[in-house]
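Fold and geometry: a report
Now for the letters of each chain:
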Amino acid sequence: QVQLVESGGGLVQPGGSLRLSCAASGSIARISAMGWFRQAPGKQRELVATVSRGGRLNEADSLKGRFTISRDNAKGTVYLQMNNLKPEDTAVYYCYAAIFVADYWGQGTQVTVSS
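**Observations concerning the sheet that holds strand E7 (residues 67-72)**
- Sheet architecture is open: four strands sit in the order E1-E3-E8-E7, paired in antiparallel fashion. Only two strands of the sheet have a single neighbouring strand rather than two, namely strand E1 (2-7) and E7. The average undirected angle you get between the axes of adjacent strands in this sheet is 15°.
- Summarising the sheet, E1 and strand E3 (residues 18-26) pair through six bridges and their orientation is antiparallel. Directly across from Val2, in E3, lies its bridge partner Gly26.

In structure tokens, the structure reads:
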């Protein structure tokens, strides 16, 4: 079992930056992939980026160059640095962790990009 708690969301103007953090507790040594998904109003949840324990990345092509994921395996944390934010990045951002075939989700943190 893993529990995930996100932080760092909020309101930012277009062109601004935010850094999301997610801290896992529980069986963090068993976590394989960690990462982020997002869900905008009226849309399906979509991949932002995930990173394996060994550092392999799986990123949304449309976000490369603006969003950067990083992970600290020892601490069980994953981060998402978001730069040059756009109104279309407005969504609830969910932290994700996988242990074998089990998926775990955080409660989500709201990111709103608006002037």
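Continuing now.
**Quick notes on the side chain of Arg66**
- In this structure, Arg66 sits in the loop between strand E6 (57-59) and E7.
- Here Asp89 takes part through its side chain, which lies 2.8 Å from a polar atom of the side chain of Arg66.

**Comments concerning the side chain of Glu6**
- You can see Glu6 is positioned in strand E1.
- Of the side chains with opposite charge, Arg45 lies nearest to the buried Glu6, which makes no salt bridge, at 7.8 Å.
- Engagement of the side chain of Glu6 in a polar contact is seen with the backbone nitrogen of Gly108, the distance being 3.0 Å.
- Sequence-distant contacts of Glu6, defined by excluding residues within four places in its chain, comprise Ser21, Cys22, Trp36, Tyr93, Tyr94, Cys95, Gly106, Gln107, Gly108 and Thr109.

What counts, and at which threshold
- Residues numbered from 1 in each chain as written.
- Predicted model: local features only at pLDDT ≥ 70, side-chain atom pairs only at ≥ 80, totals over all residues.
- Heavy atoms only, no water.
- Pairing = 2+ DSSP bridges.
- Helix = DSSP H or I, 4+ residues; strand = E, 2+ residues; numbered from the N terminus.
- Axes fitted to C-alpha atoms, helices over the stretch in contact; angles between N-to-C directions.
- Polar contact = N/O pair within 3.5 Å; in protein donor to acceptor, adjacent residues only side chain to side chain.
- Buried < 20%, exposed > 50% of the residue type's maximum accessible area, 1.4 Å probe, protein only.
- Lys, Arg positive; Asp, Glu negative; His and termini not counted.
- Salt bridge = Lys/Arg side-chain N within 4 Å of Asp/Glu carboxyl O.
- Contact = heavy atoms within 4.5 Å.

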